[in-house]
Amino acid sequence: MAKFIIKGGNKLNGKVKISGAKNSALKIMAASIMAGGKTILKNVPVIDDVLTMAEVLSLLGAEVNFDSANNILEINSDNIKSFEAPYELVRKMRASILVAGPLLSRFGEVKVAIPGGCNIGSRQIDLHLKGFELMGAENVIEHGYVYLKASPGIARSSKKKLKGAEINLEFPSRGATENIIMAACLSNGKTVINNAAKEPEINDLANYLSKCGAKITGIGTDSISIEGSDELKGCEYEIMPDSIETGTFIIAGVLCGKKVEIEDAVWENMGIFCPKLKEIGVNIENKEDNTIIIKKSKGTLKPAYISTLPYPGFPTDLQPIMTVLLSIIPGISIITENVFENRFMYADELNRMGANVKIDGHHAVITGVNKLSGAPVSSTDLRAGAALVLAGLIAEGTTEVNEIHHILRGYENFDKKLRNLGADIIKVS
Ligand code: EPZ
């Protein structure tokens, strides 16, 4: 099994360029199911989740070509014939359920495996299904699959399978917002999503769809309207930079950087993350050309109270990574996790490295320690794995991070980028 071996103590110095956003690329790839002709995506990260989504699309019948050396992905969905996303792929990557909205919108039916829970929480899809139902799709759940079919007779023309609807999300779920936006694109009439998620990746998806001919308004707000179109046409589109990778390298810079310049780093896309770091004393600077610079802080950093929330709140995906930083800041910090109920699985691993993190329900109480010490640890999920790698960079001695298949799902060239900054990290298989 592949693992990262890290010798702690090196200072990071230099420039690192952020890759395309995983959580935008995957959705735009799914959306391309509805676009006639060719979609050409640029700045697509070469990560395992993108390869899995490419596999899902190919299985459906799309033609997919990935020029991974240049991060360019071409998709032609004209010959899609299947409507089924099988369990083996959905189990491997939950985002596979994002093909449901586009397939339903284009063909009026879809069969998709129910993803089940994962290492960060139960992760239901009830809000997706409720949205589809309001748009006229009946659903049957059988043998671990949900089968959705547009009710006959609701559409104005045979081309349009679903009808527009007003959908009030009980929680601003990203996945539900994205799936419903996509389902609405080829439907009959207007769909309004209230209490929609506002993450910048959702804007990226909406901007791609608009470029394909979709009529979407309210992008970036919590009320998004979509007027169904007759057809969408494939286009060329550049994926936005990854804000969670940006946050990961920011924290790496704070932990052990002399001066780290992070390029293609969009401050505004990070919500309150960067202002929060400033508040605790981090020396962070936003330059106009989408570069964020981290320099050594002048004084001691202060402990913090943090609550994760949907954008623009503190991102849950950066919660484990922030815990590593708080674990070496003198005093007591508290993190409250409000998005996923089980996102502290990594705490025991971090404690094996000498941290003092106590979990009480959805709160983590972090008492700052003087140092961490290297140990063999295991990634419990993608961001937890990245957090353990960062812990290894500052730990005394050698850290071995196992189960790195989680990390490879979402970070392009993680070890190489860290090595280029001066870290002593190698990947062994
Ligand atoms: C997306 O997951 C991201 N994944 C996650 O990134 C991220 O942690 C999460 O949003 C929150 O920001 C992708 O974009 C592929 P949600 P998603 O629907 O869409 C509950 C990473 O590390 N909920 O906003 O699945 C759900 O259980 C990953 O890159 C329902 O109850 O998140 C959770 O508690 C991991 N019913 C909360 O809402 C539903 O129908 C947020 O989920 C849908 C969600």
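The coordinates are above.
Report follows, based on the coordinates. (Residues numbered from 1 in each chain as written. Predicted model: local features only at pLDDT ≥ 70, side-chain atom pairs only at ≥ 80, totals over all residues. Heavy atoms only, no water.)

As for the overall build of the protein chain
So, step 1. Across its full length, the protein chain holds 14 helices and 26 strands.
So, step 2. In terms of overall size, the protein chain behaves like a compact globule, its C-alpha atoms giving a radius of gyration of 22 Å where 429 residues would be expected to give roughly 22 Å.
So, step 3. Taken over the C-alpha atoms alone, the protein chain extends approximately 70 × 45 × 45 Å along its principal axes.
So, step 4. A total of 429 residues make up the protein chain; the buried ones form 56% of that total.
So, step 5. Across the protein chain, the fraction of contacts at a sequence separation of at least 24, relative to all contacts at a separation of at least 6, is 73%.
So, step 6. Counting only carbon and sulfur atoms, one obtains 48% of the accessible surface of the protein chain, whose full area is about 16800 Å². (Helix = DSSP H or I, 4+ residues; strand = E, 2+ residues; numbered from the N terminus. Rg over C-alpha atoms; globule rule 2.2 N^0.38 Å. Buried < 20%, exposed > 50% of the residue type's maximum accessible area, 1.4 Å probe, protein only. Contact = heavy atoms within 4.5 Å. Areas by Shrake-Rupley, 256 points an atom, 1.4 Å probe, with all protein chains shown as cover.)

What to know about the sheet that holds strand S23 (residues 363-367)
So, step 1. Pairing is mixed across the open sheet formed by 4 strands, whose spatial order is S20-S21-S23-S22. Every other strand in the sheet has two partners, leaving strand S20 (305-307) and strand S22 (356-360) as the edge strands with one partner each. Taken over all neighbouring pairs, the strand axes of this sheet differ in orientation by 15 degrees on average, direction set aside.
So, step 2. Where helix H10 (residues 319-326) meets the sheet, its contacts fall on S20, strand S21 (332-336), S22 and S23, and the angle it forms with S21 comes to roughly 175 degrees. (Pairing = 2+ DSSP bridges. Axes fitted to C-alpha atoms, helices over the stretch in contact; angles between N-to-C directions.)

Concerning the packing of helix H1 (residues 22-31) against helix H2 (residues 48-60)
So, step 1. It is at 10 Å that the axes of H1 and H2 come closest, and there the two elements cross at 5 degrees. Here H1 lies roughly parallel to H2, going by the angle between them. Along the contact surface, H1 presents Lys22, Ala25, Leu26, Met29 and Ala30, while H2 presents Asp49, Val50, Met53, Ala54 and Leu57.
So, step 2. Residue composition of the contact of H1 with H2, grouped by class: 8 nonpolar, no polar and 2 charged. (Parallel < 35°, antiparallel > 145°, perpendicular 65-115°, else oblique. Nonpolar A, V, L, I, M, F, W, Y, C, P; charged D, E, K, R; others polar.)

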